[in-house]
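What follows is each chain in one-letter form.
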Amino acid sequence: MSDKILVSVAWPYANADIHVGNIVGSHLPADIFARYHRLRGDEVLMVSGTDSHGTPVTVRADAEGTTPLLVYERFHKRFLEVFVKLGITYDLFTTTHTENHFKVSQDMFLALLKNGYLYQEKRQLMYSESEKRFLPDRYVEGECYICHFPDARGDQCDNCGNLLEAELLINPRSKIDGTRPVLRETEHYFLDLGKFAPAIEEYLSHGKEFWRPNVLAFTRNIVAELHGRPITRDLDWGIPVPIEGTEGKCLYVWFEAVIGYLSASIEWARNAGTPEAWKKWWYDPAARTYYFIGKDNIPFHTVIWPAQLLGAGKLYGGPNDEALNLPYDVPANEFMNMEGRRISGSRNWGVWGLKYLETYDPDPLRYYLTAQMPETRDSDWNWNDYLRRNNDELVATWGNLVNRILSFTAKNYDSVVPQPGLMDEADTLLLAQIDRAFEPIGTQIGACKFKAALSDVMALAREVNKYVDDKAPWFSIKTDRARTATTLYVALRAIDSLKVLFAPFLPFTGQRLHEMLGYSGDLFGQQIINEYQEATRSHLGLTYDSSTITVKWQPSQLPSGQQFRSVAPLFKKLDDKIVEQERAKLGS
RNA sequence: CGCGGGGUAGAGCAGUGGCAGCUCGUCGGGCUCAUAACCCGGAGGUCACAGGUUCGAAUCCUGUCCCCGCUACCA
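Remember, predicted model here, so these are calculated numbers, not experimental data.

Chemist: Please provide a residue-by-residue account of the side chain of Thr96, values included.
Modeler: Following the sequence through the fold, Thr96 ends up in the loop between β3 (92–95) and α4 (99–114). Side chain to side chain, Thr96 and Ser52 meet in a polar contact 2.6 Å long. Leaving out residues up to four positions away in the same chain, Thr96 has contacts with Trp11, Thr50, Asp51, Ser52, His53, His101, Phe102 and Glu256.

If you want it as structure tokens, here you go:
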């Protein structure tokens with residue numbers, strides 16, 4: 001029986017390229033999870049998109065002398081490219097800059113307003129008369145009112161380190177044109193989070209034992225002191241507040257971006273020609289919704305988004321009048337550092353997806369990132385470690401197992417899966433051990449324990465290497481062809497099973513191995529980039545066609561007599577020199 | 001005392017009351033099918049530190065030190 005699984009992934013900001021921290025934090029674990037559930041035959045919907053609004057995008061546009069629209073479009077296109085090359089199989093990766101998302105966000109705003117969860121409040125904020133707009137804190141400089149450093153930023157003083165209130169700076173000036181901003185009163189909408197505290201506590205109080213302890217502890221702590229947060233800002237790049245007389249005000253990004261999970265699901269259904277199909281993930285109480293994010297995003301997904309969903313109530317209405325589903329699990333990852341220091345775009349301290357793929361293959365990256373995934377604590381990318389895991393684990397253990405058995409079979413059995421004879425205890429035990437592994441390894445992936453699952457699969461590959469060594473077919477071939485045929489058949493079937501167990505982690509080499517073994521058909525579906533036209537604008541979206549999948553999460557049924565196609569190594573051994581070469585690029 | 005996470009073999013990690021484990025590296029041996037790949041064996045740890053609870057603590061409690069994150073536009 002198939003489960004309904006919604007895989008929601010953090011929306012990357014359209015102001016910088018995707019780096020390994022973004023990939024390991026959310027996109028990759030989500031993809032492993034989605035691929036596994038698809039192999040199981042579950043109904044999976046995996047969505048995300050580009051967060052195209054917000055100050056970072058505007059800041060970048062100002063710096064480049066261009067428009068936020070062009071900045072967002074440029075990075076959005078590069079996101080799609082990196083996800084195709086890395087095999088991050090989104091059913092829909094869209095953007096927040098669609099008419100659909102505007103509409104859904106505004107609908108949710110209005111629903112919250114109608115249900116009494118929004119209130120208005122006036123604030124005094126910095127306003128630039130020369131530019132006729134309110135200035136974000138970072139756009140204001142002035143004398144620090146604590147240490148009197150003359151060039152403090154609006155949000156923090158670089159001299160004394162204190163966090164500042166921009167409106168209190170002495171002699172404030174605009175960072176853009178140097179003019180003196182004035183305080184001007186502005187009215188904003190606030191989400192009344194305090195009203196949700198009892199409901200959120202109730203939500204967190206049962207059935208959350210499987211949540212990662214840090215996520216749960218962090219969340220429970222926040223719920224204790226919930227207060228209203230502004231959800232609108234004085235900006236012109238974003239989603240307009242859908243109320244008369246609020247010109248020049250937009251929905252604040254943190255409020256609007258999370259709504260993307262819902263709007264992307266709706267868009268996916270509409271694009272597929274089944275406009276109601278999204279409802280089975282959002283209204284069926286048996287559906288499970290997962291949110292793959294980085295730890296910086298925890299409160300938005302475990303408190304604020306549930307509050308929005310609770311407050312919006314039934315919104316568009318489920319088939320049986322159900323309310324919207326709350327997050328089932330939020331498996332947030334910690335951060336991955338780069339050679340001991342925090343990844344930083346401005347200092348060029350990191351490894352970027354597209355850049356990496358110019359030189360290296362996707363599966364070794366997926367392997368290394370999974371093995372180093374920051375599931376319980378911060379981890380570190382280290383090029384020496386990358387080299388070691390590629391050469392000593394991927395190449396030496398798994399790649400070599402495949403290569404030694406396939407080439408031996410090619411050489412001695414004419415590239416045909418041999419007919420096994422009577423199996424002895426060792427043969428039976430090995431196959432039983434691997435057949436039995438599907439369930440516990442699947443359970444681990446389903447529980448978002450990706451490191452442990454991958455390490456268990458690799459341990460099985462070592463078991464098969466050991467079996468081959470014990471059987472020594474290179475000896476038996478000289479005296480007992482029947483015995484050797486059995487050994488090779490057992491090893492090949494083990495390899496064929498390992499192909500499936502590794503598949504969620506290593507889809508590209510999995511597909512190659514699948515073909516080498518002589519199968520036709522695909523392990524996974526195809527990724528397709530489409531252009532979608534709405535009434536007034538168009539956007540690119542990445543989608544996934546799973547109709548060609550022929551493989552299931554189950555032990556190999558490899559038929560003897562099947563003819564191999566070409567046999568070639570799955571992985572490339574890397575030269576030691578890359579460590580110094582790659583390290584030299586950091587920080588330059 | 002702002003909040004949360006973490007400190008276990010050279011490196012990276014698992015291990016929530018019962019003889020301290022895994023991968024890699026290292027040392028020694030074996031094999032030769034395989035990308036000098038594979039297999040076997042050994043060495044290596046006062047489980048951050050100090051107290052406490054317990055027949056028994058890496059694991060529970062108290063205190064201390066150190067690292068990381070959140071509160072900002074660096075995921």
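Next comes the rest of the account.
Chemist: Can you tell me about the nonpolar core, naming the residues and giving the values?
Modeler: Judged by nonpolar contacts, the single largest core of 113 residues is most densely connected at Val7, Trp381, Trp398 and Leu498. With residues near it in sequence (within four places) discarded, Val7 still touches Ala30, Phe33, Ala34, Val44, Leu45, Met46, Val47, Tyr290 and Phe292. Listed in part, the 58 residues of the second largest apolar core include Val47, Met108, Phe109 and Val223.

Chemist: Describe the packing of α4 against helix α8 (residues 260–271), listing the residues and the values that go with them.
Modeler: Between two packed helices, what matters for the description is the angle formed by their axes and the separation of those axes. Remark: α4 packs on α8, axes separated minimally by 9 Å, with the N-to-C direction vectors making an angle of 130°. In terms of their interaxial angle, α4 and α8 are classed as oblique. Here α4 runs over α8; the crossing is right-handed. Facing Asn100, His101, Val104 and Met108 of α4, the residues of α8 in contact are Gly260, Leu262, Ser263, Ile266, Glu267 and Arg270. Grouping the constituent residues of the contact of α4 with α8 by class yields four nonpolar, four polar and two charged.

Chemist: Account for the pattern of salt bridges, with residues named and values stated.
Modeler: Inspection of the entire model under this criterion finds 34 salt bridges. A salt bridge links Arg389 to Glu393, with the shortest nitrogen-to-oxygen separation between them at 3.2 Å. A residue pair is termed a helical-turn pair when its members lie 3 or 4 positions apart in one helix, as Arg389 and Glu393 do in helix α13 (residues 383–413) at four residues. Both residues of the pair, Arg389 and Glu393, belong to the buried class. For the salt bridge of Lys577 with Asp575, the shortest nitrogen-to-oxygen distance reads 3.8 Å.

Chemist: Summarise helix α12 (residues 362–371); cite the residues concerned and give the values.
Modeler: Most of α12 sits out of view: ten of its ten residues are buried. For α12, the complete set of buried residues consists of Pro362, Asp363, Pro364, Leu365, Arg366, Tyr367, Tyr368, Leu369, Thr370 and Ala371.

Chemist: With reference to specific residues and values, describe the pairing of strand β9 (residues 182–191).
Modeler: Here strand β4 (residues 118–128) pairs with β9 via ten bridges, running antiparallel. Bridged to Arg123 within β9 is Thr186. Summarising the sheet, β9 and strand β10 (residues 229–230) pair through two bridges and their orientation is antiparallel. The residue bridging Phe190 from the neighbouring strand is Pro230, located in β10.

Chemist: Can you tell me about the packing of aromatic side chains, naming the residues and giving the values?
Modeler: For the structure shown, the criterion picks out 34 aromatic pairs. Plain terms: the ring middles of Tyr368 and Tyr386 are 5.6 Å apart, the flat faces sit at 90° to each other, and that makes the pair edge-to-face. Taken together, the positions of Tyr368 in helix α12 and Tyr386 in helix α13 put the pair 18 residues apart, joining distant regions of the chain. One exposure class covers both Tyr368 and Tyr386, and it is buried. Clustering of aromatic rings is evident, with ring pairs tying together Phe33, Phe210, Tyr290, Phe292, Tyr328 and Phe450. For the cation-ring pair, Arg229 lies above Trp254, with the distance from its terminal atom to the ring centre recorded as 4.8 Å. In this structure, Arg537 is placed above the aromatic ring of Phe102, and the distance from its NZ or CZ to the ring centre is 4.5 Å.

Rules behind the numbers
Residues numbered from 1 in each chain as written. Chains lettered and ligands numbered in written order. Predicted model: local features only at pLDDT ≥ 70, side-chain atom pairs only at ≥ 80, totals over all residues. Heavy atoms only, no water. Helix = DSSP H or I, 4+ residues; strand = E, 2+ residues; numbered from the N terminus. Polar contact = N/O pair within 3.5 Å; in protein donor to acceptor, adjacent residues only side chain to side chain. Contact = heavy atoms within 4.5 Å. Core = buried A, V, L, I, M, F, W, Y, C linked by side-chain atoms within 4.5 Å. Buried < 20%, exposed > 50% of the residue type's maximum accessible area, 1.4 Å probe, protein only. Axes fitted to C-alpha atoms, helices over the stretch in contact; angles between N-to-C directions. Parallel < 35°, antiparallel > 145°, perpendicular 65-115°, else oblique. Left-handed = near helix turned anticlockwise from the far one by under 90°. Nonpolar A, V, L, I, M, F, W, Y, C, P; charged D, E, K, R; others polar. Salt bridge = Lys/Arg side-chain N within 4 Å of Asp/Glu carboxyl O. Pairing = 2+ DSSP bridges. Phe/Tyr/Trp six-rings, centres within 6.5 Å; stacked < 30°, edge-to-face > 60°. Lys NZ or Arg CZ within 6 Å of the ring centre and 35° of its normal.

Scope: geometric values only; no functional claims are made or implied.
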